[in-house]
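# Close look at the chain arrangement
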Amino acid sequence: MDGGWVARARWRRHGASGWLARARWRRRGAWLWPAFVVLTLADALVGRLLPFSGNTQSVATGAVAGLCLNVVGVILLSRPLGWLIRRLRPSVPNVVARNYGGSIVVIAVFVALSSAGLAHRSSVLAERRAMQEAVARAQAWIGDRAPAPFRRNLALVDMFAIQAGSVYRSCVPSQAPSGPRDYCVIVNLSAPFAGSVKFAGSEPNSMFSAGVG
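Bear in mind the structure is a predicted one, so any value in this text is a computation, not a measurement. (Residues numbered from 1 in each chain as written. Predicted model: local features only at pLDDT ≥ 70, side-chain atom pairs only at ≥ 80, totals over all residues. Heavy atoms only, no water.)

## Some thoughts on the overall build of the protein chain
Secondary structure summary: the protein chain contains 6 helices and 4 strands in total. In the protein chain, buried positions account for 32% of the 213 residues. Per element, the accessible surface of the protein chain, about 13,300 Å² overall, is 64% carbon and sulfur. (Helix = DSSP H or I, 4+ residues; strand = E, 2+ residues; numbered from the N terminus. Buried < 20%, exposed > 50% of the residue type's maximum accessible area, 1.4 Å probe, protein only. Areas by Shrake-Rupley, 256 points an atom, 1.4 Å probe, with all protein chains shown as cover.)

Right, here's the structure in full:
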């Protein structure tokens, strides 16, 4: 009788300790959905401040992009990553390992979007600096060589990127009642400075860009 009571007490104690151990594991592994929510919001902010395409992006667009990537990533990768975690740490329960794997996925998505946004921003800033340099060279060349009606309108220079960051077509308009209405040059930033600007006719950039398109 006493032996049976002792056995039942041990079983209860063992069961309680097992339950506590499982509860501790579940608490440790319950990072996926809090991380999912927080990092989806962070993805939305990254999309607004550091868009990975174009010059601007709304918070809603960033949130949708982050949400879609997070959902797809968790569905496809949480199980393989959980399996890998279990291989490295066999004591981790399967459900907890999958939670860890899903958390790794949403962190990786945030890092990837941030990295892509930073890289794109660097590219945008480089193109902006190239455009400013092309404007300066075009204005200097036109101001030195073009007829007076065009030189008076240097501030109205119109730019068209033939090859962004490298080759631009720059036109300055004239208010003269007759004669050519635009004076255009090609600016090639990759050419030697002295020969980087050449006359390119009088067709406005609107006609030229339509022909290119």
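There is more to say after this.
## Topic: the packing of helix α2 (residues 32-49) against helix α3 (residues 59-88)
Close contact between α2 and α3 brings their axes to 7 Å; oriented N to C, the two are set at 140 degrees. If you check the angle between α2 and α3, you find them oblique. For α2 against α3, the interelement crossing comes out right-handed. Judged by residue contacts, Leu-32, Phe-36, Thr-40, Asp-43, Ala-44, Gly-47 and Arg-48 of α2 engage Val-59, Gly-62, Ala-63, Gly-66, Leu-67, Asn-70, Val-71 and Val-74 from α3. Residues of the contact of α2 with α3, tallied by class, amount to 8 nonpolar, 5 polar and 2 charged. (Axes fitted to C-alpha atoms, helices over the stretch in contact; angles between N-to-C directions. Parallel < 35°, antiparallel > 145°, perpendicular 65-115°, else oblique. Left-handed = near helix turned anticlockwise from the far one by under 90°. Contact = heavy atoms within 4.5 Å. Nonpolar A, V, L, I, M, F, W, Y, C, P; charged D, E, K, R; others polar.)

## Looking at the packing of aromatic side chains
One pass over the structure, following the stated rule, counts 4 aromatic pairs. With 6.5 Å between their ring centres and 35 degrees between their planes, Trp-141 and Tyr-183 make a pair best called tilted. Of this pair, Trp-141 sits in helix α4 (residues 94-145) while Tyr-183 sits in strand β3 (residues 182-188), placing them 42 residues apart in sequence. Both residues of the pair, Trp-141 and Tyr-183, belong to the buried class. With centroids separated by 5.5 Å and ring planes inclined at 45 degrees, the aromatic side chains of Phe-150 and Tyr-183 adopt a geometry described as tilted. Note that Phe-150 is positioned in helix α5 (residues 148-151) and Tyr-183 in strand β3, a separation of 33 residues in sequence. Accessibility classification places Phe-150 together with Tyr-183 in one group, the buried group. Each member of the aromatic cluster is reached from another via a ring pair, and the members are Trp-141, Phe-150, Tyr-183 and Phe-199. (Phe/Tyr/Trp six-rings, centres within 6.5 Å; stacked < 30°, edge-to-face > 60°.)

## Here we look at the packing of α3 against α4
Geometry of a packed helix pair, given as the angle between the helix axes and the separation of the axes. At their nearest, the axes of α3 and α4 sit 6 Å apart, and the two run at 135 degrees to each other. Taken together, the axes of α3 and α4 lie oblique to each other. Every pair of crossing elements has a handedness; the one defined by α3 and α4 is right-handed. In this structure, α3 contributes Gly-66, Leu-69, Asn-70, Gly-73, Val-74, Leu-77, Ser-78, Arg-79, Leu-81, Gly-82, Ile-85 and Arg-86 to the contact, and α4 contributes Asn-94, Ala-97, Arg-98, Tyr-100, Gly-101, Gly-102, Ile-104, Val-105, Val-106, Val-109 and Leu-113. Residue composition of the contact of α3 with α4, by class: 12 nonpolar, 8 polar and 3 charged.

## Concerning the sheet that holds strand β4 (residues 197-199)
Taken in spatial order, the 4 strands of this open sheet run β1-β2-β3-β4, and their pairing is antiparallel. Across the chains shown, the open sheet's two edge strands, defined by having one partner strand only, are β1 (158-163) and β4. Across the sheet, the mean angle separating the axes of adjacent strands is 25 degrees when strand polarity is ignored. One ladder, built from 7 bridges, connects strand β2 (residues 167-173) with β3; its direction is antiparallel. Within β3, the residue paired with Arg-169 across the bridge is Ile-186. (Pairing = 2+ DSSP bridges.)

## Considerations on the state of the cysteines
Tallied over the entire structure, the rule returns 1 disulfide. Between the sulfur atoms of Cys-171 and its disulfide partner Cys-184 the distance amounts to 2.0 Å. Between Cys-171 and Cys-184 the disulfide shows an S-S torsion of about 110 degrees. By sign, it is right-handed. Here Cys-171 is found in strand β2, whereas its partner Cys-184 is found in strand β3, with 13 residues between them in sequence. (Disulfide = S-S within 2.5 Å.)

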